[in-house]
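A closer look at the structure
Residue strings, one per chain:
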Amino acid sequence: MPGLNLNTRSNYVPFPHKLSDEVWKKTTDESVVMRLGREMALDAKGTEIAVINQKAAYHWNWGNETDERVTSETDVQTKTIMPYEIYVTQPFSNKLRDNDEMLYKSISEDLPAILGAGIDETVFTADQDDVGENFDTFSNVQEVSIQNDVWHGFVTAKKKIQVTKNRFNGIALSPEGEAHFEDAVDNIGRPLFVSDVINDIEIGKIRGRQALLSNGLYIPEGEAGSGIKEQLAIMGDWNKLRWGFINGIKARVYDQAVLKLPNGQDLNLARRHMFALEYCVEVGVGIEFADAFARLTGGEPAPSTSTSAPSSNKNAKKAVK
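Residues numbered from 1 in each chain as written. Predicted model: local features only at pLDDT ≥ 70, side-chain atom pairs only at ≥ 80, totals over all residues. Heavy atoms only, no water.

**Here's the deal with the confidence of the model for the protein chain**
- Counting all residues, the mean pLDDT for the protein chain is 82, and 83% of those residues have values of 70 or more.
- Confidence, read as mean pLDDT per element, is least for strand β16 (residues 316-320) in the protein chain (37) and greatest for helix α2 (residues 32-36) (97).
- Taken together, the stretch residues 305-310 has pLDDT below 50 and engages in 20 contacts with residues farther than four places along the chain or on a different chain.
- Confidence drops under pLDDT 50 across residues 312-321; counting only partners more than four residues distant or on other chains, this segment forms 33 contacts. (pLDDT = per-residue confidence, 0-100. Helix = DSSP H or I, 4+ residues; strand = E, 2+ residues; numbered from the N terminus. Contact = heavy atoms within 4.5 Å.)

Given below as structure tokens:
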């Protein structure tokens, strides 16, 4: 892997541009949050954006040019989106230190799926109180059940999203949620959401809007005391979700450390003749308005906590009224 200094033991070093660009492009392809959301430029110290509540209205002037003009109400808030590190620490045999091709192949094939899944699982399933300040998740969006009637639940959610002048333009589905939509039929047994039951390998679109499958979205009923009645899908106005990243992917090398493995055991790199690469990228996610989205569930929804204000109270401050 030309250009990556494997002798660096402390500070992060940039990936070679070609490798960083390749891995990050694959990561954004793997992440449904990033594919549906809107990318933005993000500063290392956080970026403040204007959040405009759509209250502007048009007016006709049927009289004279000098007649008094009606001014639309202005409701603008500012919201900060802060980047945080998402990292992967992966041990390798020392034999790979001199095998650039094999190490490059392992990184380029495995890392994008790991990072993409990590971003999706965090944004879709983490509680807002469990993540960093000014980083948003979907934990506070409104809920609609599709357990007994997928069509009615879908239309109800669409109405809830659009009543505040948001526009439904996409849906993220768990595999379990996709199955609910595939199983929905009309009164004579025809599929409601699948146009070609023989050739379609996935739904692709729902009512003309993009429908993407994410393995990081599903929450079983009542998991971790969430109170959620089985999260199946998130639908909404994805222009209201912003994401950004800082400076591509960086790496840090360890060869004297003792790592803690997922099973709780320690891995002494020096004794095992191994080294470890820690990959890191800084990512920020912000949701402008919680009511621009709806969670589709498999049971009766929990009481809604969403409002027309930005999605997280601690992330916003009033600017102009």
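**Quick look at a nonpolar patch on the surface**
- Together, Y58, W60 and W62 make up an exposed nonpolar region whose accessible area comes to about 560 Å².
- Note on placement: W62 falls in the loop between β3 (47-52) and β4 (76-81).
- The class for W62 is exposed, based on a relative accessible area of 69%. (Patch = residues over 30% accessible without salt bridge, like charges linked within 9 Å, V, L, I, M, F, W, Y side chains within 5 Å. Areas by Shrake-Rupley, 256 points an atom, 1.4 Å probe, with all protein chains shown as cover. Salt bridge = Lys/Arg side-chain N within 4 Å of Asp/Glu carboxyl O. Buried < 20%, exposed > 50% of the residue type's maximum accessible area, 1.4 Å probe, protein only.)

**Some details on the sheet that holds strand β10 (residues 231-236)**
- Pairing in this open sheet of 6 strands is mixed, and the strands run β6-β15-β10-β7-β9-β8 from one edge to the other. Two strands close off the open sheet at either side, each with one partner strand: β6 (142-145) and β8 (205-206).
- The sheet contact formed by β6 and strand β15 (residues 293-297) spans 4 bridges and is parallel. When the sheet's bridge partners are listed, S145 is paired in β15 with T297.
- Contacting β7 (170-173), β8, β9 (209-213), β10 and β15, helix α5 (residues 175-183) runs over the sheet at an angle of about 115 degrees to β7. (Pairing = 2+ DSSP bridges. Axes fitted to C-alpha atoms, helices over the stretch in contact; angles between N-to-C directions.)

**Regarding unusual backbone geometry**
- For R207, which is not a glycine, the phi torsion comes out positive at approximately 50 degrees.
- Looking at where R207 falls in the secondary structure, it is placed in the loop between β8 and β9.
- For N247, which is not glycine, the phi dihedral falls at a positive 60 degrees.
- One can find N247 in strand β11 (residues 241-254).
- Accessibility expressed as a relative area gives 69% for N247, which makes it exposed.

**Notes on α5**
- For α5, every residue scored as buried is listed here: G177, E178 and F181. Burial along α5 is one-sided: seen end-on, the buried residues are contained in an arc of 100 degrees.
- Those residues of α5 that are buried lie in contact with α4 (150-162), β7, β8, β9, β10 and β15. (Arc of directions from axis to C-beta.)

**A look at the pattern of salt bridges**
- Inspection of every chain in the model, using the stated rule, returns 10 salt bridges.
- Across the salt bridge formed by E288 and R38, the nearest N and O atoms sit 3.5 Å from each other. Pair noted here: E288 is in the loop between β14 (274-287) and β15 and R38 is in strand β2 (residues 38-39), with a separation of 250 residues, a long-range link.
- In this structure, E282 and K250 form a salt bridge, with 3.6 Å as the shortest nitrogen-oxygen distance. In this pair, E282 sits in strand β14 while K250 sits in strand β11, placing the two residues 32 residues apart along the sequence.

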